[in-house]
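One-letter residues, chain by chain:
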Amino acid sequence: MTVPRELRLVDDGQGFVLAQRPVSQLHRLQRPPLQIDQHVVSIDQSSAWIRVRIAFTQRRSGTTRIVLSSTNAHCTVAYDAADEVLTLDRSGAQLGTLPAAFAAVHRARVPPIDGHIDLDMLVDWGSVEVFVNDGRVVLTDLIPGLDAPVRIELPAGPAIQGDVRPLEASMP
């Protein structure tokens with residue numbers, strides 16, 4: 001899935017950056033948030049798309065992780081506070097006939113904005129899109145084998161807020 005996006009130029013203090021975020025109409029597809037039990041959400045329903053929003057205050061060190069897993073594959077989205085780097089690790093994807101190099105870890109430098117990091121993730125069965133800090137950084141990846149049921153492990157801590165919502169849409 002690649003969701004339609006809104007593009008805009010944002011002045012980040014060091015110059016202009018092309019920012020992108022999901023179209024605003026996407027909120028109309030959101031269902032009520034799912035129950036988060038011990039920082040884990042299990043999704044085995046018919047919804048093919050999931051929206052995960054996480055906001056947290058940057059610490060001086062340590063890594064904040066979100067793990068998406070299914071029976072056949074998994075991936076990890078992580079933010080390393082010391083290096084200010086976001087990674088999307090798809091090395092747990094089901095490769096099948098794909099070359100081993102497909103199992104990659106993608107990285108992007110993400111400085112916090114006013115000490116905060118905001119992640120807006122769209123997950124469907126086979127791909128993950130991560131919009132960071134209102135779209136200043138975006139990582140999109142295929143995750144073969146990531147299908148229902150999906151388990152989402154969320155970070156814990158008092159400075160972390162977020163929710164997980166299915167999106168009311170059907171796959172073609």
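Scroll up to find the structure.
So, how was this worked out
- Residues numbered from 1 in each chain as written.
- Predicted model: local features only at pLDDT ≥ 70, side-chain atom pairs only at ≥ 80, totals over all residues.
- Heavy atoms only, no water.
- Helix = DSSP H or I, 4+ residues; strand = E, 2+ residues; numbered from the N terminus.
- Rg over C-alpha atoms; globule rule 2.2 N^0.38 Å.
- Buried < 20%, exposed > 50% of the residue type's maximum accessible area, 1.4 Å probe, protein only.
- Contact = heavy atoms within 4.5 Å.
- Areas by Shrake-Rupley, 256 points an atom, 1.4 Å probe, with all protein chains shown as cover.
- Pairing = 2+ DSSP bridges.
- Axes fitted to C-alpha atoms, helices over the stretch in contact; angles between N-to-C directions.
- Salt bridge = Lys/Arg side-chain N within 4 Å of Asp/Glu carboxyl O.
- Patch = residues over 30% accessible without salt bridge, like charges linked within 9 Å, V, L, I, M, F, W, Y side chains within 5 Å.

Novice: I'd love a proper account of the overall build of the chain, names of residues and values included.
Specialist: Along the backbone of the chain there are zero helices and 13 strands. The linear arrangement of helices and strands in the chain, starting from the amino end, is β-β-β-β-β-β-β-β-β-β-β-β-β. Rg of the C-alpha trace for the chain: 16 Å, near the compact-globule value of 16 Å for 172 residues, within the 12% margin. When the backbone C-alpha atoms are referred to their principal axes, the chain occupies close to 40 × 40 × 30 Å. Taking all 172 residues of the chain together, the buried fraction comes to 41%. Partitioning the contacts of the chain with sequence separation of at least 6, the portion at a separation of at least 24 is 57%. Of the accessible surface of the chain, which amounts to about 9,100 Å², a share of 49% is contributed by carbon and sulfur atoms.

Novice: Could you give an account of the sheet that holds strand β7 (residues 85-92), with specific residues and numbers?
Specialist: Taken in spatial order, the six strands make up an open sheet running β3-β12-β5-β6-β7-β8, and their pairing is antiparallel. In this open sheet, the two edge strands, each paired with only one partner strand, are β3 (40-43) and β8 (105-109). For this sheet, the mean inter-axis angle between neighbouring strands, taken without regard to orientation, is 10°. The sheet contact formed by strand β5 (residues 63-69) and strand β6 (residues 74-80) spans seven bridges and is antiparallel. Looking at the pairing, T64 lines up with Y79 of β6.

Novice: Break down the pattern of salt bridges for me, citing the residues and quoting the values.
Specialist: In the structure shown here, the tally under the stated rule is ten salt bridges. Between R109 and E84 there is a salt bridge, with the nearest N and O atoms lying 2.8 Å from each other. Remark: E84 occurs in the loop between β6 and β7 and R109 occurs in strand β8; sequence separation between them is 25 residues. On the basis of relative accessible area, R109 is assigned to the exposed category, the value being 55%. The salt bridge involving R90 is made with D141; its shortest N-O contact spans 2.7 Å. Of this pair, R90 sits in strand β7 while D141 sits in strand β11 (residues 137-142); the two residues are 51 residues apart in sequence, bridging distant segments of the chain. What you see here is one network of salt bridges that share partners, running through E6, R8, R21 and D134.

Novice: How would you explain a nonpolar patch on the surface if you had to name every residue and give the values?
Specialist: Side chains of L7, L9, F16 and L18 sit close together on the surface and give an oily, nonpolar patch of about 490 Å² of accessible area. For the nonpolar patch, the elements supplying multiple residues, two or more each, are β1 (5-11) and β2 (16-22). By the element assignment, F16 lies in strand β2. Here F16 falls in the exposed class, since its relative accessible area comes to 63%.

Novice: For unusual backbone geometry, give the residues involved together with the corresponding values.
Specialist: For E84, which is not a glycine, the phi torsion comes out positive at approximately 55°. The exposure class assigned to E84 is buried, which follows from its relative accessible area of 18%. One non-glycine residue, D134, adopts positive backbone phi at about 60°. With respect to the helices, strands and loops of the structure, D134 is situated in the loop between β10 (127-132) and β11.

Novice: Go over the pairing of strand β9 (residues 116-124) with me, naming the residues and quoting the values.
Specialist: Each regular strand displays side chains that alternate between the two surfaces of the sheet. With respect to burial, β9 is a largely interior element, seven of its nine residues being buried. Bridge count between strand β4 (residues 49-57) and β9: nine bridges; the pairing is antiparallel. Paired with R51 across the strands is L122, a residue of β9. As paired strands, β9 and β10 are joined by six bridges and run antiparallel to one another. Note on β10: the bridge partner recorded for D120 is F131. Between β9 and β10, which follow one another and run antiparallel, lie two residues, and G126 among them has a positive phi close to 125°.

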